[in-house]
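Overview (structure and organization)
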Amino acid sequence: MCIALEIWKGGAKMAKYMMDMQIDKKEEFYFIREKESHDIVYLPSKYLMHKKRSKLSPNTIRRSAFILSYYLNFMDELDLHLDDIYQMNYMDQHEHFTDFLIWLKAGEHSREDYSKLPNNETCNAYLKEVFRFYTFMEQENKQSESLKVLSDAQMIVRNSIGLRRVLNRKSFRGYLKEKGHQGKTIEQDKIVGLLQECANSRDQVLLLLLAETGFRIGELLGVRYAEDIDYEKHILYVNFREDNENRARAKNAEFRRAKISDATFDILMFYIEDYKELILGQEYLFINVSGDYVGQPFKGSGVYAMLRRLERKTGIKASPHMLRHYFANARRKDGWKLEMISQALGHRNIETTMKYLNITEDELIEVSDAFYNKHQAMYGVQNLL
């Protein structure tokens, strides 16, 4: 199986490099190839294999493969090779990578729909992946030299017992200005509206579990009804597997669990009973309940198609990630500690969790009022009047 991407717009230089994916025993392997000769480009492909061995998700590796193909085609347009970049001085390197950002921002990397050009955050993320590849290449070739534009920055941190550590990080000063991430969530009344218009109990259970567990869609679709559900305690488990038939996968190779409400568990049991013959015919909790693929494991594409149908019926736009944001915000408003929300979401960094929380200015005013009402005498101001 081969997937190729045409990089250049009509009339410009045709893409020399393409992303290639092959499947062997249900495992996906990604490569970078030269388009005409079909020869594998060694170092970029080895980097992609390194990411696979690091247990990163197929979607993450696929995205990296596209990014590397973009960059190699950008280099080809300039008649440059990877080694040439190391021979440049600081200013030339800086200009080179800045030009790559501008090239991306203009949509030169793709011949797809140009009505929506990549935002600054996306362009910066692509360049960061290119820098990760350069770092890999330096380690692979045991180079003493690194890119001049990646300046050293130091952070001093202390652990829980006060031990001081110095962390060295390399950063690029020429990234495009970012607006900052604003997570999109969905309100509870809109979730209720979607639930009322669902065509079957499977869709209702899927929406409810996304809202109540905070699981990623790949994690939820990977749940197996016989192994990953505690029917007595009403707990769902996330287990990392690489061989799921529907290509569902737990991110970060992690194990996690979540408690669901009694009401949702009742609907879950109704769904299993309603489609018992189909569900018991395979391993997964979520299956196709109609159509050509009836009885087969439900896939992410099916989930998004279901949400589009609901949007046409209700006018309510929703995505699995919006329901994940709802989970985080609902629990924050109920008083959960940030660390608990982060652990429930399976985040490795608290900073990622913070991006999920839509804290409004009105909320800040309200908590400030409550704080002052409780502690208004703390400065002894009444004695100054």
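For the structure given in this document, a descriptive report is provided here. (Residues numbered from 1 in each chain as written. Predicted model: local features only at pLDDT ≥ 70, side-chain atom pairs only at ≥ 80, totals over all residues. Heavy atoms only, no water.)

1. Here we look at the sheet that holds strand β5 (residues 229-230)
Spatially, β5-β6-β7 is the arrangement adopted by the three strands of the open sheet, whose pairing is antiparallel. Here the strands that pair on one side only, and so sit at the sheet edges, are β5 and β7 (256-259). Here four bridges tie strand β6 (residues 235-238) to β7, and the two strands are oriented antiparallel to one another. When the bridges of β7 are listed, Ile235 appears paired with Lys259. (Pairing = 2+ DSSP bridges. Helix = DSSP H or I, 4+ residues; strand = E, 2+ residues; numbered from the N terminus.)

2. Focus: the environment of Arg308
Its place among the elements puts Arg308 in helix α11 (residues 300-314). With relative accessibility at 46%, the residue Arg308 sits in the partly exposed group. In sequence terms Arg308 and Ser319 are eleven residues apart; their C-alpha atoms lie 9.1 Å from each other. (Buried < 20%, exposed > 50% of the residue type's maximum accessible area, 1.4 Å probe, protein only.)

3. Some thoughts on the nonpolar core
Counting 43 residues, the largest nonpolar core has Ile186, Leu206, Leu220, Tyr271, Leu285 and Phe286 as its most contacted members. Mapped onto this core, the elements with two or more residues apiece are α6 (188-197), α7 (201-213), α8 (217-221), β6, α9 (262-274), α11 and α12 (320-333). Discounting residues that sit within four places of it in the chain, Leu285 has contacts with Leu209, Val223, Arg224, Tyr225, Ile229, Leu268, Tyr271, Ile272 and Ile279. Judged by nonpolar contacts, the second largest core, of 41 residues, contains Ile67, Tyr70, Met75 and Tyr86. (Core = buried A, V, L, I, M, F, W, Y, C linked by side-chain atoms within 4.5 Å. Contact = heavy atoms within 4.5 Å.)

4. Considering the environment of Leu208
Relative to the helices and strands, Leu208 resides in helix α7. Residue classification places Leu208 among the buried positions, given a relative accessible area of 15%. Along the sequence, Leu208 and Thr264 sit 56 residues apart, while their C-alpha atoms lie 6.8 Å from each other. When residues no more than four places from it in sequence are discounted, the contact partners of Leu208 are Leu195, Thr264 and Ile267.

5. Here's the deal with the packing of aromatic side chains
The geometry of two aromatic rings is summed up by the distance between their centres and the angle between their planes. What the rule picks out here adds up to 23 aromatic pairs. Measuring from centroid to centroid gives 5.3 Å for Phe172 and Tyr175, while their planes differ by 85°, and the two rings are edge-to-face. A cation over a ring is seen here: Arg33 above Phe31, with NZ or CZ 5.6 Å from the ring centre. (Phe/Tyr/Trp six-rings, centres within 6.5 Å; stacked < 30°, edge-to-face > 60°. Lys NZ or Arg CZ within 6 Å of the ring centre and 35° of its normal.)

6. Concerning α7
Counted at 1.5 Å a residue, the expected span for α7 with its 13 residues is 18 Å, and the 18 Å between its end C-alpha atoms agrees. For α7, the buried fraction is high: twelve of the 13 residues fall into the buried class. Inspection of α7 places Ser201, Arg202, Asp203, Val205, Leu206, Leu207, Leu208, Leu209, Leu210, Ala211, Glu212 and Thr213 among the buried residues, and these make up the whole buried set. For α7, the side-chain oxygen to backbone nitrogen distance between the N-cap and Arg202 is 3.1 Å, and the N-cap itself is Asn200. Of the residues trailing α7, Gly214 is marked for its positive phi of about 75°. (Expected span 1.5 Å × (residues − 1). Polar contact = N/O pair within 3.5 Å; in protein donor to acceptor, adjacent residues only side chain to side chain.)

7. Focus: the packing of helix α4 (residues 90-105) against helix α5 (residues 120-140)
When two helices pack together, their arrangement is given by the angle between the helix axes and by the axis-to-axis distance. Axis separation between α4 and α5 bottoms out at 9 Å; the angle between their running directions is 135°. The angle between α4 and α5 places the two elements in the oblique class. Note on packing geometry: the crossing formed by α4 with α5 is right-handed. Between α4 and α5, the contacting residues are Phe97, Phe100, Leu101, Leu104 and Lys105 on the first element and Asn120, Cys123, Asn124, Tyr126, Leu127, Val130, Phe131 and Tyr134 on the second. (Axes fitted to C-alpha atoms, helices over the stretch in contact; angles between N-to-C directions. Parallel < 35°, antiparallel > 145°, perpendicular 65-115°, else oblique. Left-handed = near helix turned anticlockwise from the far one by under 90°.)

8. Structural notes on empty space enclosed by the protein
Summed over the entire model, instances satisfying the criterion amount to two cavities of 30 Å³ or more. As a volume, the second largest cavity reaches approximately 40 Å³. If you go around the second largest cavity, the residues you meet are Glu28, Phe29, Tyr30, Leu48, Met49, Lys52 and Ile61. For the lining of the second largest cavity, the elements supplying multiple residues, two or more each, are β2 (27-34) and α1 (42-53). Here the residues of the lining of the second largest cavity are counted per class, giving five nonpolar, no polar and two charged. (1 Å grid on protein atoms, 1.4 Å probe; cavity = no way out; pocket = protein on both sides within 12 Å on 5 of 7 lines; lining within 4 Å. Points joined across faces, edges and corners; volume = space filled by probe spheres on them. Nonpolar A, V, L, I, M, F, W, Y, C, P; charged D, E, K, R; others polar.)

9. Notes on the pattern of salt bridges
Within this structure, the stated rule accounts for 13 salt bridges. Here Glu140 and Lys46 are joined by a salt bridge, their closest N and O atoms 2.3 Å apart. Placement of Glu140 in helix α5 and of Lys46 in helix α1 is noted, with a sequence separation of 94 residues between them. The structure contains a network of salt bridges with shared partners spanning Lys51, Glu129 and Arg132. (Salt bridge = Lys/Arg side-chain N within 4 Å of Asp/Glu carboxyl O.)

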